[in-house]
Amino acid sequence: HAEAIGVCIDELVLSYLQRHVENESSSSSGGGSEEGRRMTTSFDGGIHFRGTLVSGRLLEARGFREVSELSADMHSHESDYDGALNRYAERSASKEVAKNSGARDRALRIVSFLGRVDREEDKARRKQ
């Protein structure tokens, strides 16, 4: 059960980061789709989850932070660039995670995408 939820979290993060990086590269080159140009959220704080007892621990193990104030969508956790980078880097090198090649591969792909995020632009988007 927890493993399946973890896979879903990882795949959601991967999908978000793929779109985020594509949007950054298309906006800097002046091209891209209309949907890509409309995506102006940052990764840092851009993904919201409503965590449960199980998923909350899984989110924190992946670098998501608990929110300090509830918002209209009632999310309990949100993405954190530094936390995700640290935790997914740890997961990619972990002996325990290495037993599951799919989990290790997802962690490596997420670290790769996080490395492509323009951190300064992401911070500027977060402040908007």
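Residues numbered from 1 in each chain as written. Predicted model: local features only at pLDDT ≥ 70, side-chain atom pairs only at ≥ 80, totals over all residues. Heavy atoms only, no water.

Turning next to the side chain of Arg62. Checked against the element boundaries, Arg62 lands in the loop between α3 (53–61) and β2 (65–66). Overall, Arg62 belongs to the buried group, its relative accessible area being 6%. Contact partners of Arg62, with chain neighbours within four places excluded, come to Gly6, Ile9, Asp10, Gly83, Ala84, Arg87, Tyr88 and Arg91. (Helix = DSSP H or I, 4+ residues; strand = E, 2+ residues; numbered from the N terminus. Buried < 20%, exposed > 50% of the residue type's maximum accessible area, 1.4 Å probe, protein only. Contact = heavy atoms within 4.5 Å.)

Here we come to the sheet that holds strand β3 (residues 77–78). Judged by pairing direction, the sheet is antiparallel, and its 3 strands sit side by side in the order β1-β3-β2 without closing on themselves. Both outer strands of the open sheet, β1 (48–49) and β2, are each paired with one neighbouring strand and no more. As paired strands, β1 and β3 are joined by 2 bridges and run antiparallel to one another. Along β3, the bridge assignment pairs His48 with Glu78. (Pairing = 2+ DSSP bridges.)

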